[in-house]
Amino acid sequence: MTTLGRRKFVAGAGLAGAGALAAAFPAPAIAQAAPEIKWRLASSFPKSLDTIFGGAEDIAAYVAAMTDGKFQIRAFASGEIVPAFQVLDAVQKGTVELGHSASYYYVGKDPTFAFDTAIPFGLNTRQQNAWLYRGGGSELLREFFKDYNIVPIPAGDTGTQMGGWFRKEIKTVDDLKGLKFRIGGFAGKVLAKLGVVPQQIPGSDIYPALEKGTIDAAEWVGPYDDQKLGFNKVAKYYYYPGWWEGCAQLSLYVNADQWATLPKPYQAILESACARAKAVMVAKYDVQNPPALKELVAAGTVLRPFSKDILLACYKAAFELYDETAATNAKFKKIYDAWTPFRQEEDLWFRVAENTFDNFVYGQQAAKK
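Residues numbered from 1 in each chain as written. Predicted model: local features only at pLDDT ≥ 70, side-chain atom pairs only at ≥ 80, totals over all residues. Heavy atoms only, no water.

Right, let's talk about the overall build of the chain for a bit. Scanning the chain from terminus to terminus reveals 15 helices and eleven strands. In terms of overall size, the chain behaves like a compact globule, its C-alpha atoms giving a radius of gyration of 21 Å where 369 residues would be expected to give roughly 21 Å. Oriented by its inertia axes, the alpha-carbon framework of the chain measures out at about 65 × 50 × 45 Å. Put simply, the chain has 369 residues, and 53% of those count as buried. Nonlocal contacts in the chain, meaning residues at least 24 apart in sequence, comprise 78% of its contacts between residues at least 6 apart. A total of about 16,200 Å² of accessible surface is found on the chain, and carbon and sulfur atoms cover 54% of it. Each charge sign in the chain was given a centre, from 41 positive and 38 negative side chains, and these centres are 2 Å apart. (Helix = DSSP H or I, 4+ residues; strand = E, 2+ residues; numbered from the N terminus. Rg over C-alpha atoms; globule rule 2.2 N^0.38 Å. Buried < 20%, exposed > 50% of the residue type's maximum accessible area, 1.4 Å probe, protein only. Contact = heavy atoms within 4.5 Å. Areas by Shrake-Rupley, 256 points an atom, 1.4 Å probe, with all protein chains shown as cover. Lys, Arg positive; Asp, Glu negative; His and termini not counted. Charge placed at Lys NZ, Arg CZ, Asp CG, Glu CD.)

Next comes the structure, spelled out in structure tokens:
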């Protein structure tokens with residue numbers, strides 16, 4: 001296989017297994033001249049969350065397998081090198097070569113970061129993938145991230161998230177007023193329009209804040225992670241859906257200066273490893289969430305949908321916020337103006353096929369019970 005052919009193969013191999021890729025690259029093929037590289041990766045997530053932190057470990061394992069151990073990445077959990085919400089800064093400054101995080105944690109720097117993870121009432125996981133890989137999203141985001149000396153690579157997704165844990169029932173829009181709610185990303189600004197007091201707290205610190213009553217409610221990811229963190233022990237009501245996260249994409253941040261020094265085959269391998277880790281993370285959550293939800297409900301968790309009035313009020317507030325932000329932030333506007341028509345096209349298609357199929361099948365399953 002020629003060098004060019006090998007690069008093309010690796011670049012398209014994101015969904016292949018690490019073992020298969022390793023077999024496809026016997027040691028002599030990639031390199032006797034391949035350099036040995038050791039990089040550090042700072043994650044925004046604790047080791048206890050094996051699926052979301054595990055995404056970083058998967059990337060490291062795939063890269064090592066595809067380079068015959070020449071390219072080594074060591075993943076560090078939140079707090080081991082830098083706190084959860086300082087991962088972007090650490091990569092930007094070159095403290096570490098890599099970071100694994102949710103970009104909406106950094107909307108305080110610029111709300112445009114939210115597009116890299118999720119914005120309320122935005123895209124689901126498949127639509128986000130389509131936008132990034134074939135709809136121009138990655139190109140727009142890489143241009144934006146240049147100001148932070150970072151090359152972002154899609155590297156994980158939780159799927160649609162839950163609406164969070166509440167110490168009391170939330171029945172009306174008025175019940176949101178004054179509520180101290182741990183919530184990440186742009187959704188906090190949406191809810192602030194309705195009287196919520198948003199709190200951004202790392203995952204490892206949510207339980208004590210909820211237990212002590214420092215906050216009234218908290219959202220994290222979904223049943224599997226939430227059960228691991230014990231939220232059901234300190235809050236009774238579990239709401240859905242997490243309208244602020246139709247998906248929650250995670251990204252691998254690569255320091256741009258380090259990226260420029262990385263051999264082209266290694267760049268392709270790193271991107272392929274991220275694509276593989278992203279697909280596997282979605283699959284893990286889709287397997288792990290159903291039994292976890294059953295266990296939570298069996299143990300006394302009260303499952304509740306957000307009322308239609310609450311969803312409508314939040315929807316209205318979200319798109320008002322986007323228009324307001326676009327009017328004052330040129331970077332946000334540039335991506336929003338491209339993202340909006342893409343979303344409209346995707347929603348039309350999903351309404352015709354996906355949603356119709358899903359609603360019928362799920363309805364039939366529910367009718368059998």
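A word on the sheet that holds strand β8 (residues 217-218). The six strands are arranged β7-β6-β8-β5-β9-β11 in an open sheet whose pairing can be described as mixed. The sheet is open, and its two edges are formed by β7 (197-199) and β11 (302-305), each paired on a single side. (Pairing = 2+ DSSP bridges.)

On to the nonpolar core, then. Core analysis: the largest hydrophobic core is formed by 111 residues, its most contacted members being Trp 131, Leu 252 and Leu 270. Top element by residues in this core is helix α12 (residues 264-298). It accounts for ten residues. Ignoring sequence-local partners within four residues, the contact set of Leu 252 consists of Leu 41, Ile 59, Leu 98, Gly 99, His 100, Val 151, Pro 152, Ile 153, Ala 155, Leu 270 and Cys 274. (Core = buried A, V, L, I, M, F, W, Y, C linked by side-chain atoms within 4.5 Å.)

This part takes up the layout of surface pockets. In this model, the largest pocket occupies a volume close to 1,800 Å³. Around the largest pocket, the lining comprises 40 residues; the ones closest to its centre are Asn 124, Thr 160, Gly 246, Asp 358 and Tyr 362. Those elements that provide at least two residues to the lining of the largest pocket are α6 (125-133), α12, α13 (308-328), α14 (330-352) and α15 (354-368). Of all the elements, α15 adds the most residues to the lining of the largest pocket, at seven residues. The class makeup of the residues in the lining of the largest pocket is 16 nonpolar, 15 polar and nine charged. (1 Å grid on protein atoms, 1.4 Å probe; cavity = no way out; pocket = protein on both sides within 12 Å on 5 of 7 lines; lining within 4 Å. Points joined across faces, edges and corners; volume = space filled by probe spheres on them. Nonpolar A, V, L, I, M, F, W, Y, C, P; charged D, E, K, R; others polar.)

Taken as a whole and assessed by the stated rule, the structure comprises four cavities of 30 Å³ or more. Counted as a void, the largest cavity has a volume near 90 Å³. Tallied by class, residues from the lining of the largest cavity come to nine nonpolar, three polar and three charged.

Sheets are built from strands paired through backbone hydrogen bonds, the pairs being either parallel or antiparallel. Reading across the sheet, the five strands line up as β2-β1-β3-β10-β4 and stay open at both edges, with mixed pairing between neighbours. Taken across any chain shown, the strands that pair with only one partner, and hence form the sheet edges, are β2 (71-76) and β4 (150-157). Strand-to-strand twist of the sheet, defined as the mean angle between neighbouring strand axes without regard to direction, takes the value 25°. Pairing of strand β1 (residues 37-43) with strand β3 (residues 98-101) involves three bridges; the strand directions are parallel. Each residue of the ladder has a partner; that of Ala 42, found in β3, is Gly 99. The sheet contacts of helix α7 (residues 137-145) involve β4 and β10 (249-255), and relative to β4 the element is tilted by about 130°. (Axes fitted to C-alpha atoms, helices over the stretch in contact; angles between N-to-C directions.)

For the bond from Tyr 240 to Pro 241, the omega torsion is -5°, close enough to zero to count as cis. With respect to the helices and strands, Pro 241 occurs in the loop between β9 (237-240) and β10. At Phe 121, a residue that is not glycine, the phi angle is positive and equals roughly 55°. Checked against the element boundaries, Phe 121 lands in the loop between β3 and α6.

Turning our attention to a nonpolar patch on the surface. Taken together, the side chains of Tyr 240, Val 297 and Leu 303 present a nonpolar region at the surface, about 220 Å² in accessible area. Relative to the helices and strands, Val 297 resides in helix α12. A relative accessible area of 39% places Val 297 in the partly exposed class. (Patch = residues over 30% accessible without salt bridge, like charges linked within 9 Å, V, L, I, M, F, W, Y side chains within 5 Å. Salt bridge = Lys/Arg side-chain N within 4 Å of Asp/Glu carboxyl O.)

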